[in-house]
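Tertiary structure, described
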There are 2 protein chains.
Amino acid sequence: MSRLEIFGIIGLPEFRVGDDLATMIAAAATEVGTPLADRDVVVVTQKIVSKVEDRLVPIDPTDPLSHKPLVERESVRILRRRGELIISETVHGFVCANAGIDLSNVEAGYAALLPVDSDRSSRRIRDGLRGKAGVDVGVIISDTFGRTWRRGVTDVAIGCAGIAAVIDLRGTNDALGREMQVTEVALADEIASAAELVMGKSTNIPVAVVRGLEAEWFRTSSIADEMIRHPADDLFR
Amino acid sequence: MSRLEIFGIIGLPEFRVGDDLATMIAAAATEVGTPLADRDVVVVTQKIVSKVEDRLVPIDPTDPLSHKPLVERESVRILRRRGELIISETVHGFVCANAGIDLSNVEAGYAALLPVDSDRSSRRIRDGLRGKAGVDVGVIISDTFGRTWRRGVTDVAIGCAGIAAVIDLRGTNDALGREMQVTEVALADEIASAAELVMGKSTNIPVAVVRGLEAEWFRTSSIADEMIRHPADDLFR
């Protein structure tokens, strides 16, 4: 495979609690002339999943720190604090700023929590797309995380279904025929980052489609099981 | 912008010291029917840049630890050690495993060091492509780094020219018209990750082209100046 296409799904409405994401995404993709196809990967931003799953929590819009108690509640361990910034391990196992809670692209007076189980949410969207649109696709739910040592945020996968989270190249030979050193590639994170390039941050494109990925990467998958590093294997926790 | 195309440049030869990367990349892109165009971003893997820049160092092929003294020499600070793994800050300012030195896709008996100045190498390739092929493109040199807290490696940018490393969305409004919280996006890292999806790890595709990025992202740039986080701003060093 040496060619990939990524397109943003424009024209989606503001989402509300209980909306059927799969039906709306399939319809919008068809509307813009790029109907979903088997082996597409549909990347959905966390924010709209949190909205339809009723993960918005009222906060005091006049108090810029009113979401901080939510951050503590959604965390199992605080790693660092600096000023208003909290880096913590969330109840889901992610390590990120402010427990993934944020206030942008959410109505004033509300904070959006992460989905309870983003792998399950991904499976639900994937099953919905199969049922409603008859396509067998991978689904990734993406969110925007900071990193250590490098400035700038990138989009990563917080949930996935039907597309590998991590692919293991251990033991495959490199181009010179010797066993490779690099082992596991964070495929779902790379797909989430690629999708972000067409989503932008201030435009209303919460869904992107990645077309042309290797057939063998499509399989049962989970961010929680494959991507989250066990604290005991982690040198920076 | 809501559509992006990424294609790998197949058919490139093994590279040798002194090879003219720009000429060879432009020729190969034309050969496969996708000649380079203005506002393409050409992503080049570190390994071939290190080869043409004579950054291969002989090591004892019978000793699996013979590159370790090189790791120490290329590092200014060791952050963590576990077994054979060293996480260090390199002379270039990167924090990564084994100072970015690796042995895969390199002839047995050699280790490939990172380019001395990957931003400068990127500028050289960009200037070469302008001179030889008459195209005004961005160039990114990519390498494969691990991350904290998440399993799997992703490709990141270690050098760039003509395409922003970090884009600053501070102060732009979100889709609901309020000022955004998320500020700086690591654009060059996201592009490097996207390109990796068509390169694979064991196939001989060391160059990919990303077409369709926002016109405003093309400008003078530097990974060293924009992307590397100052140690004083870093909570995990």
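Since the structure is predicted, the reported quantities are computational estimates derived from the model, not experimental observations.

Remarks on the environment of B:Val71
Turning to its location among the elements, B:Val71 is positioned in helix H3 (residues 68-73). B:Val71 has contacts with B:Ile86, B:Ser88, B:Asn98, B:Ala99 and B:Ile101, leaving out every residue within four places of it along the chain.

Some thoughts on the pairing of strand S8 (residues 138-145) of chain A
Every regular strand shows the same layout, with side chains that alternate between the two sheet faces. Residues and elements named next belong to chain A. The buried fraction of S8 is high, at eight of eight residues. Taking every second residue as pointing to the same face, both faces of S8 are buried, with Gly-138, Ile-140, Ser-142 and Thr-144 on one and Val-139, Ile-141, Asp-143 and Phe-145 on the other. Note: strand S2 (residues 40-45) against S8, five bridges, orientation parallel. Across the sheet, Thr-45 pairs through a bridge with Ser-142, a residue of S8. Inspection of the sheet shows S8 paired to strand S9 (residues 154-161) by seven bridges, in the antiparallel sense. By the bridge assignment for S9, Asp-143 is matched with Val-156.

Comments concerning the sheet that holds strand S12 (residues 207-211) of chain B
With respect to topology, ten strands assemble into an open sheet ordered S9(A)-S8(A)-S2(A)-S12(A)-S1(A)-S1(B)-S12(B)-S2(B)-S8(B)-S9(B), the strand pairing being mixed. Of all strands in the sheet, those with a lone pairing partner are S9 of chain A together with strand S9 (154-161) of chain B, marking the two edges. For this sheet, the mean inter-axis angle between neighbouring strands, taken without regard to orientation, is 25°. The sheet contact formed by strand S1 (residues 3-8) of chain B and S12(B) spans four bridges and is antiparallel. Paired with B:Phe7 across the bridge in S12(B) is B:Val209.

Here we look at the environment of B:Leu12
Mapped onto the elements of the fold, B:Leu12 is located in the loop between S1 and helix H1 (21-31). By C-beta crowding, B:Leu12 is classed as buried, having 21 other C-beta atoms within 10 Å.

Observations concerning helix H4 (residues 118-133) of chain B
All names here are of chain B. Along its 16 residues, H4 runs 21 Å from first to last C-alpha, staying within 8% of the 22 Å computed at 1.5 Å per residue. Here H4 has its buried residues at Ser-118, Asp-119, Ser-121, Ser-122, Arg-124, Ile-125, Arg-126 and Leu-129. In this structure, the buried residues of H4 make contact with H1, strand S2 (40-45), helix H2 (46-52), strand S8 (138-145), S9 and helix H6 (223-226). Gly-134 lies just past H4 and shows a positive phi near 70°.

Overview of the domain arrangement of chain A
Residue and element names in this part refer to chain A. You can read the domains of chain A as domain 1 (5-53 + 115-232) and domain 2 (56-114). Each of domain 1 and domain 2 has a C-alpha centre, and the two are 23 Å apart. At the interface, twelve residues of domain 1 touch ten residues of domain 2. Contributing elements (two or more residues each) for the side of domain 1 that touches domain 2: helix H2 (46-52) and S8. For the side of domain 1 that touches domain 2, a count of residues per class yields five nonpolar, four polar and three charged.

Cut-off values and rules
Residues numbered from 1 in each chain as written. Chains lettered and ligands numbered in written order. Predicted model: local features only at pLDDT ≥ 70, side-chain atom pairs only at ≥ 80, totals over all residues. Helix = DSSP H or I, 4+ residues; strand = E, 2+ residues; numbered from the N terminus. Contact = placed C-beta atoms within 7 Å. Buried ≥ 20, exposed ≤ 12 C-beta atoms within 10 Å, placed from the backbone. Pairing = 2+ DSSP bridges. Axes fitted to C-alpha atoms, helices over the stretch in contact; angles between N-to-C directions. Expected span 1.5 Å × (residues − 1). Domains from an automatic or database assignment. Nonpolar A, V, L, I, M, F, W, Y, C, P; charged D, E, K, R; others polar.

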